[in-house]
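# Architecture and fold: a report
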Amino acid sequence: MPSKPIVFSDIDYTIVFDSELDPKTEDLLDQVRGHAYFILVTARSKRECAPLPPIPNDGLIAENGATVYVRNGSADELDREWDAIMSRRQDVLLSFQEELRRRGWRINEKLHAFSSCIEASERSEADVEWVGANLPEGLQLHFSRNTAGRYVEVFPLEAGKDKVVFRVCERLGVPVEHTFGLGDNTNDMPMLQVVNTPLAPGNCHPDVRELIQRRGGYVSELEGHLGAQDVLRRVLDAVGG
């Protein structure tokens, strides 16, 4: 294994729970970063990450891979080339966003993506089916869930938590064979499918558990903060901590 493998990690309910980062988790993250790059991966936009407690990291993959920021000193540097690729879909993205807004969806705007909570928008299953049936060419639709409810997530076809793993590996000069992935929900599964070693806390979705076990990864018997810490210790052991 090279001196600096990469750990890709989801945020919510993987290492942060109810917007709280446990001090023991933070300490483990610092230790992991002594031996590996630690890259956050989330459906949130960079703006939506701001209210969260500071999380030690070496970069941020936001908006389900539609935006990439690599840490340069104390600042997050936008991957301009990746940004240009995402911008090719901006017109169709904004047009579809406005169409859903006219249909009563409460839109959460992002840089190269948007999302909407089905329950907060008071949308029916028929409304959700309409979104899928009328998704414009060049865009993709994913679903996620948190304590507020279910969300539709729309972003460019070229994006994705799986595709951006390869992008970051290329930028940092690290083979995909030397990567780890931490996640808990179904929208993390594309990332967990392509990293070398997938892991999850015990509170993960059953489909995530099945995927990780099938790939020979590790699912903690512990949930919440304790599960996150257990998983990070596994990573630390693997990277030489």
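Preceding block: the structure.
Residue numbers run consecutively from 1 along every chain, following the written order of its sequence. Side-chain atom pairs in this predicted model are given and counted only at pLDDT of 80 or more, local residue features only at pLDDT of at least 70, and totals for whole chains, interfaces and linings cover all residues. Heavy atoms from the whole structure form the basis of all side-chain values; hydrogens and water molecules are not counted.

Glancing now at the pairing of strand β10 (residues 179–182). Residue burial is assigned from relative accessible area. The probe radius is 1.4 Å, only protein chains are included, and a residue is buried under 20% of its type maximum, exposed over 50%, and partly exposed in between. Here a strand is any run of E in DSSP of at least two residues, a helix any run of H or I of at least four, and the numbering for each starts at the N terminus. With burial as the criterion, each face of β10 is covered, one bearing T179 and G181 and the other bearing F180 and L182. Two strands form a pair only when DSSP identifies at least two bridges running between them. Bridging between strand β1 (residues 6–9) and β10 involves four bridges; their strand directions are parallel. Looking at β10, one finds that I6 is bridged to T179. In this sheet, strand β11 (residues 197–200) lies alongside β10 in parallel orientation, the contact comprising three bridges. Bridge assignment links G181 to a residue of β11, and that residue is P198.

So, on to the nonpolar core. For the purposes of this section, nonpolar cores are sets of buried Ala, Val, Leu, Ile, Met, Phe, Trp, Tyr and Cys residues that join through side-chain atoms within 4.5 Å. Residues I6, F8, I61, V168 and M191 are the most contacted members of the largest nonpolar core, which totals 28 residues. When residues of this core are traced back to their parent elements, those giving at least two are β1, β2 (37–41), β4 (67–72), α3 (80–87), α6 (161–172), α7 (189–194) and α8 (206–214). I11, L29, F180 and L199 belong to the second largest nonpolar core, which has 27 residues in total.

Here the focus is unusual backbone geometry. A positive phi angle is found at E63, which is not glycine, with a value near 55°. Here E63 shows up in the loop between β3 (59–62) and β4. Exposure remark for E63: the relative accessible area of 2% places this residue in the buried category. At N64, a residue that is not glycine, the phi angle is positive and equals roughly 55°. What makes N64 buried here is its relative accessible area of 3%.

Salt bridges are identified by distance alone: a Lys or Arg side-chain nitrogen within 4 Å of an Asp or Glu carboxyl oxygen. One pass over the structure, following the stated rule, counts 19 salt bridges. In this structure, R101 and E98 form a salt bridge, with 2.3 Å as the shortest nitrogen-oxygen distance. Placement of the pair is R101 and E98 together in helix α4 (residues 90–102), with a separation of three residues, close to one helical turn. The exposure class assigned to E98 is partly exposed, which follows from its relative accessible area of 32%.

On to the sheet that holds β4. Within the open sheet, the eight strands sit side by side as β5-β4-β3-β2-β1-β10-β11-β12. Their pairing is mixed. At either end of the open sheet lies a strand with only one pairing partner, and these are β5 (75–78) and β12 (218–219). As paired strands, β11 and β12 are joined by two bridges and run parallel to one another. Within β12, the residue paired with L199 across the bridge is Y218. Seen against the sheet, helix α9 (residues 224–239) touches β1, β2, β10, β11 and β12 and runs at an angle of roughly 175° to β10. Should any heavy atoms of two residues lie within 4.5 Å, those residues are considered in contact. Whenever a helix is involved, its axis is fitted only over the stretch in contact; in every case the axis is a line through C-alpha atoms, and angles between N-to-C directions fall within 0 to 180 degrees.

Relative to the assigned elements, K110 resides in the loop between β6 (108–109) and β7 (114–117). For K110, a relative accessible area of 14% puts it in the buried group. In terms of polar contacts, K110 uses its side chain to reach the backbone carbonyl oxygen of A43, at 2.6 Å. Any pair of nitrogen or oxygen atoms within 3.5 Å is treated as a polar contact; in protein, a donor-acceptor pairing is required on top of that, and neighbouring residues in sequence qualify only through side-chain atoms on both sides.

Those residues of helix α1 (residues 23–33) lying buried are T25, L28, L29 and V32. Buried residues of α1, viewed axially, fall in a sector of 105°; they line one side. Each element contacted by the buried residues of α1 is listed here: β1, β2 and α9. Its side-chain oxygen 2.8 Å from the backbone nitrogen of K24, D22 forms the N-cap of α1. Note that the arc is computed from the directions linking the helix axis to the C-beta atoms.

Attention now moves to the environment of P198. The residue P198 is located in strand β11 in this model. A C-alpha to C-alpha distance of 9.4 Å links P198 and F8, two positions 190 residues apart in sequence. Residues within four places of P198 in sequence aside, it is in contact with G181, L192, I212, R215, G217 and Y218.

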